[in-house]
Amino acid sequence: MTATTERQAIGKPLPKPDAWLKATGTAVYAGDVRLPGMLEGKILRSPHPHARIVSIDASAAAAMPGVYAVATGDDVGATRIGRFIRDRHALARERVRYVGEPVAAVAAIDEETAERALQLINVAYDPLPAVFEPEEAIAPDAPILHPDLPSYQDSARSTREGNVRNRVRHDVGDVDVAFAEPDVVVHETTYRTPRQSQAFTEPHAAVAQIDGTGKVTVWASIKAPFRGRVSIADTLGVPVSHVRLIAPAIGGDFGGKGAAFIEPIAAVLARKARRPVRLTLSRVEEFSAMTSRPSAVIRLRMAVRHDGTLVAMDASMVYNVGAVDDTQAGTANSAVSLVGAYHIPNVRVEATSVYTNCSPAGHVRAPSGPQTSFATESHLDRLARMIGMDPLELRERNALRNGDVVPSGHGILQNSGLDECLKRARAWMARELGSKRPHQGIGTAVSFWALHPNPAAVDSAATVKVDVDGSVAVLTGVADQGGGQWSMVGQVASEVLGVPVEQVSVIAADTEATPYEQGTGGSNTTYRVGNVVRQAAEEARRQVLRLAAEQLKVDEEELDLRDGNVRVRSDPSRQLSVAQVAQGALASPAGAIIGTSGEAREREIREHGHERADIVDAPSFACHVAVASVDPETGVTSVDRYYTVQDVGRALNLLNCTGQIEGGVIFGLGYALTEEIQSDNGINLNANLWEYLLPTAPHVPELTVELVEIPSTFGPFGAKGVGETPCIPVAAAVANAIDDALGVRATQVPLTPERVLAAIREQRPELLENRA
Amino acid sequence: MTKMPISLTLNEHATTLEVEPYWTLQRLLRDEIDLTGTKEGCRTGNCGVCTVIVDGAAVKSCLMLAPQIDGTNVVTIEGLARDNGLDPLQRAFVEYGAIQCGYCSPGFIMAAKAFLDENRHPTRDDIASALEGNLCRCTGYVKIFEAVEAAAQAGGA
């Protein structure tokens, strides 16, 4: 790559090109698409948590003036859809399994007409017994939600039986022997975590259009267009080549826009109506019928020696995944993420995810991270107190180090920034934190998001074209849900090709126009997509240099490519612009300059052998420090200061990097303090933005973000993932600060005043009794 | 229902419209005259993505009925930039990284615009209070504060 230290684009705090559109109101989101003759769609949803559909009479609705289509389960294919396990239909067939499940849909001339038509649809239900808690659902006589579950198609091997969606065990060493060791301190607690909504500001939207040949085009707020089109095709019963899915600007995702829910319904309506249909969800629908982070109950027992050596972990985790599970094999990664960033020789973890008649579970920023981190990082703090050790020292002593096999067994850790993060956090605390105020405490927690990249199965590709004016176009399937993926693509191409970033355009997330891409998420997009864009750009660069060398009659090695010009190093007056080279290319036997990622990737793998999946090349570590004050009279916790130091490998864009981390911390603070979907008999009660409490501007504490840059070996320019890590350990850091402030341990998230007060009453009643 | 005629100044243009009495201002802007820069997030006045400026005050357009803007001066995000370029707030939001997914940005910029027009030298606490009614799920608000501070210092707000 460019040998000079002065970079074209990488590492700079560059504003995102799409931000100009967003600041002027000209960015187009799916719900902003306007087509001639476009109808409004609305969904009729189940009022029952569990019922058999006896009959649906939609004749009155269909006959209403202004109604163009009514669709029911009879209009969707028998093939089930789903992000990982295929456990649903776009519109319910025969049975409903949660309150809010789509049962029918209408397309009408306007929203009011569509709403009135929904009221005319007569659905006869035969209610079935329902279960809402995993304990009820796994009881021997429990009603079974998915009688055909064993035959469902799943993306990975899973253990399914009754209402058990999946069960995973992680077993290392001999736990029973370890706990029986003399002189170990053992601690056991049960932790509970809530259902959390992604709560993106843009509710789901989809606009579907069918042409005269039956081909469907859908503009949708979906971050994985190539995945989404499969669900649309299966629902319509057409090949994927008949479906074009375009993901325009997306108004936030946080895991909730990775799979098709409303898009197939919009397509079915458009096909029946023979007109374009727009379907947008209300906030109530988002909160009551769409996915959320599954709640968890985690029983955790750990043993530590007096010198601070962790010797054993024994745990069981139960996840409530609702009636539809859009989490990856439910529990596969969560069983191991409980072990966290530590070397523990003896581990036994059983993780079970259970279907209930609650609203669906899905991915929310750092799937399984915040639940497991809350348990383990809380537990470590208690263990440290029990043996009289500084909590950060306990973590330092047991931290994973380069060369260790990470707990998942998926690989050997390399390029770890954990030690450096711990060191920096300790230095910040010593420098910045003086004496504590009364009822103020300091809590620390470590975050670990293990990326297991397998470059040989990267599931992404890119094409880079150099145009006759020297501008560059990158074709990539990647969607940008706000994380800056498109600006990252532009920066990488700019850097490799030596063309100013303003001259790089990114054509993205269109299943017909762009190469395949598995979908944004998991903090691995920069790593995966950045690499294929780099490879495609390098291929184009090789062509530029080869053609320039021919024209300038020098060796390619003599040439320098910067700022849109190719210069002879020894004689910079001899130069060609990239535009001249590109024009010359058209007249050459090679033709236009087009680089693709495939060949370059194969070559890299041949040369470096980095298809190895047995290394964790880009581990993302962070250390968090919360300074919080607790009012012992009311249990109200306020976070006064917050510090995080995170290893990002290489910050490709400083603004985007720190923005991800700041946003992640505040996302985590919402989880820690206020966010919880509450429900009763399967009905989500606080399905609105005035009762589901999100952090707002005045809640932001004094926030300090520091970056560590220990490069990955194979990520683009050394980059590692950024986005999930900062939200993971916040609840634990705050709980640890509460413990430090008052000596009480709250074990249920969110750490509401009621729960903190209950913990004070139970563990330190004297704090209340001393009051007049 | 019978439509009602209304007259207003919309983004500096004298405008006459026929509106249904039950339409919200949000519905009018987004779905009837295609000014889609004003977003829709909750229809209950809690998220602020639909904020516009009516007679100098930041208003959540989902909570105002269309006939209520008769005789007023309405500015939406589309009307903020002038001939000499973007408003300093728009520029600052871009340059300080205050925009991630961007869905809340038009509402934040309009709310901050109305606020800065009345408060030339705000503290960070002032800014946080003024923007309390606008939700952002991406940025954690820090870069939004920085952008508003920068725009205030630029003095052009």
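Residues numbered from 1 in each chain as written. Chains lettered and ligands numbered in written order. Predicted model: local features only at pLDDT ≥ 70, side-chain atom pairs only at ≥ 80, totals over all residues. Heavy atoms only, no water.

Quick look at helix α5 (residues 142-154) of chain B
Then comes step 1: Under the 1.5 Å per step criterion, the end-to-end length of α5 of chain B is 18 Å for 13 residues, consistent within 8% with the ideal 18 Å.
Then comes step 2: In the core, the buried residues of α5 of chain B are packed alongside α17 (654-673) and β32 (702-708) of chain A together with α2 (88-95), α3 (105-118) and α4 (124-130) of chain B.
Then comes step 3: At the exit of α5 of chain B stands G155 of chain B, carrying a positive phi of roughly 75°. (Helix = DSSP H or I, 4+ residues; strand = E, 2+ residues; numbered from the N terminus. Expected span 1.5 Å × (residues − 1). Contact = heavy atoms within 4.5 Å.)

Focus: the domain arrangement of chain B
Residue and element names in this part refer to chain B.
Then comes step 1: According to the domain assignment, chain B contains domain 1 (4-77) and domain 2 (88-154).
Then comes step 2: Each of domain 1 and domain 2 has a C-alpha centre, and the two are 21 Å apart.
Then comes step 3: At the junction of the two partners, domain 1 supplies 17 residues and domain 2 supplies 13 residues.
Then comes step 4: Between domain 1 and domain 2, roughly 1200 Å² of surface is buried when both sides are summed, and carbon and sulfur atoms account for 64% of that area.
Then comes step 5: Our count for the domain 1 to domain 2 interface comes out at zero salt bridges.
Then comes step 6: Classifying every residue of the side of domain 1 that touches domain 2 gives eight nonpolar, six polar and three charged. (Domains from an automatic or database assignment. Buried area = accessible area lost by both parts, 1.4 Å probe. Salt bridge = Lys/Arg side-chain N within 4 Å of Asp/Glu carboxyl O. Nonpolar A, V, L, I, M, F, W, Y, C, P; charged D, E, K, R; others polar.)

Structural notes on the sheet that holds strand β1 (residues 4-10) of chain B
Residue and element names in this part refer to chain B.
Then comes step 1: As summarised here, the arrangement of the five strands in space is β2-β1-β5-β3-β4, forming an open sheet in which the pairing is mixed. Each having just a single partner strand, β2 (13-19) and β4 (57-60) make up the two edges of the open sheet. Direction aside, neighbouring strands of the sheet carry axes that sit 40° apart on average.
Then comes step 2: The sheet contact formed by β1 and strand β5 (residues 73-75) spans two bridges and is parallel. Across the sheet, residue T9 finds its bridge partner in β5, namely N73.
Then comes step 3: Helix-sheet contacts for helix α1 (residues 25-32) involve β1, β2 and β3 (51-54), and the interaxial angle to β3 is about 110°. (Pairing = 2+ DSSP bridges. Axes fitted to C-alpha atoms, helices over the stretch in contact; angles between N-to-C directions.)

Overview of unusual backbone geometry
Then comes step 1: Of note, the amide linkage connecting V749 of chain A to P750 of chain A takes the cis form, showing an omega dihedral of -5°.
Then comes step 2: Of note, P750 of chain A is situated in the loop between α18 (730-742) and α19 (753-763).
Then comes step 3: Even without glycine at this site, D55 of chain B takes up a positive phi of about 50°.
Then comes step 4: For D55 of chain B, the position within the fold is in the loop between β3 and β4.
Then comes step 5: Its relative accessible area of 54% is what places D55 of chain B among the exposed residues. (Buried < 20%, exposed > 50% of the residue type's maximum accessible area, 1.4 Å probe, protein only.)

A short note on the pairing of strand β5 (residues 102-108) of chain A
Residue and element names in this part refer to chain A.
Then comes step 1: In terms of burial, β5 is a largely internal element, seven of the seven residues being buried.
Then comes step 2: Pairing of strand β1 (residues 39-45) with β5 involves six bridges; the strand directions are antiparallel. Bridge pairing in β5 links G41 to A107.
Then comes step 3: Here strand β3 (residues 67-72) runs beside β5; their pairing, made up of five bridges, is antiparallel. Each residue of the ladder has a partner; that of V67, found in β5, is A108.

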